[in-house]
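What follows is each chain in one-letter form.
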Amino acid sequence: LSAGEFLSCWCLWVVIVVVFGPAGSGKTTLVGEFGRYLSEQEFSVAYVNLDCAVESLPYRPNFDVRNYFTLVDIMRRFGLGPNGALVKSMELLLDLVGEVSSKLEKLGLLYDYVFVDTPGQLELTLFHDAVVKLVESFARRGLALFLTPADMLKRPRDLVFLNLMALAVRVRFEIPLVTVLTKADLLDREFVERLRARVAQGLGGLEEDLVAELASIVDRLEKKQRLIKVSAITREGFDDLQTILHEVFCTCGELT
Ligand code: GDP
Ligand code: MG
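Just so you know, these numbers come straight off a predicted model, no measurement behind them.

About the cut-offs
Residues numbered from 1 in each chain as written. Chains lettered and ligands numbered in written order. Predicted model: local features only at pLDDT ≥ 70, side-chain atom pairs only at ≥ 80, totals over all residues. Heavy atoms only, no water. Helix = DSSP H or I, 4+ residues; strand = E, 2+ residues; numbered from the N terminus. Polar contact = N/O pair within 3.5 Å; in protein donor to acceptor, adjacent residues only side chain to side chain. Contact = heavy atoms within 4.5 Å. Core = buried A, V, L, I, M, F, W, Y, C linked by side-chain atoms within 4.5 Å. Buried < 20%, exposed > 50% of the residue type's maximum accessible area, 1.4 Å probe, protein only.

## A short note on the side chain of aspartate 64
Line of reasoning, step 1. Looking at the secondary structure, you find aspartate 64 in strand S3 (residues 63–64).
Line of reasoning, step 2. Among the polar contacts listed, one links the side chain of aspartate 64 to the side chain of arginine 66, at a separation of 2.8 Å.
Line of reasoning, step 3. Contacts of aspartate 64, omitting those with residues within four sequence positions, involve Asn49 and Leu57.

Quick look at the structure:
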């Protein structure tokens, strides 16, 4: 790097990592364990919890949406069931976007990494404006992780489906996105490579042409980024994840 490039990398070294993924994909666990991993290397790490339905967290949040509302509060206050209350929580979060975004800005100045743990259900994040608006507010300094849980990967079709979800997130949020396979401890080593090879041979079944075309789009996108496999239990892949965060945030590095 030239001195100028180095300086511009350094100046942009503010890392807001927003973690997306289907319910149960390991967002909260990864934020906790990867945050601890970075702290052990003397990085300072801040945490933002946007999930009003979570019971307990494996990290101490610097901002916790539950200080404003919890799922149980909303159910009682508005006489709603859990699903209605989750949707209502997104309206309440939308009102908080300004506040959360200025908190994020402050945290970004004080900490090396800021992790944003999103609501359990991916649908809430994707189909409502709250998180979209929030991400817009720090887009230039943010990066998204899309977690694909290994235990959802059984058939070649599952790989195409989860990659399409990642693509949807990429389209919905204008922010660099890295797909991460989580719970890698549940898979044997070459399983994903075998699935990929099977996808390349064609999936068969109804609408084979359409699925093949989608798979090839996903494949083109995927080729731009090597697959990162992590486990929050064994910490496998944490070094790769850390490297890719550096690469993405250093604007002089190749993003994908
Ligand atoms: P979230 O809904 O995406 O926030 O998912 P959670 O972090 O709450 O995790 C859902 C479940 O997956 C929990 O039971 C976790 O213990 C489990 N889990 C999370 N990460 C891993 C992992 O790396 N390996 C395994 N085997 N289980 C995990
Ligand atoms: Mg969670």
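Right, picking up where we left off after that structure.
## Comments concerning the nonpolar core
Line of reasoning, step 1. Counting 40 residues, the largest nonpolar core has Phe20, Val48, Leu104 and Phe173 as its most contacted members.
Line of reasoning, step 2. For this core, the element with the highest residue contribution is helix H4 (residues 82–110), accounting for 10 residues.
Line of reasoning, step 3. Sequence-distant contacts of phenylalanine 20, that is, excluding residues within four places in its chain, are made with Lys27, Thr118, Leu122, Thr125, Val131, Val135, Ala144, Leu145, Phe146, Leu147, Val169 and Phe173.
Line of reasoning, step 4. Listed in part, the 27 residues of the second largest apolar core include Val19, Tyr47, Tyr59 and Leu147.

## So, the environment of leucine 181
Line of reasoning, step 1. With respect to the helices and strands, the residue leucine 181 is situated in strand S6 (residues 177–182).
Line of reasoning, step 2. Along the sequence, leucine 181 and isoleucine 228 sit 47 residues apart, while their C-alpha atoms lie 6.1 Å from each other.
Line of reasoning, step 3. Setting aside its immediate chain neighbours within four residues, leucine 181 contacts Thr148, Ala150, Leu153, Leu187, Val192, Leu227, Ile228, Lys229 and Val230.

## A short note on unusual backbone geometry
Line of reasoning, step 1. A positive phi angle is found at glutamate 42, which is not glycine, with a value near 70 degrees.
Line of reasoning, step 2. Along the chain, the position of glutamate 42 falls in the loop between helix H2 (27–40) and strand S2 (45–49).
Line of reasoning, step 3. The backbone of lysine 183 sits at a positive phi, close to 60 degrees, despite the residue not being glycine.
Line of reasoning, step 4. Along the polypeptide, lysine 183 turns up in the loop between S6 and helix H8 (191–201).

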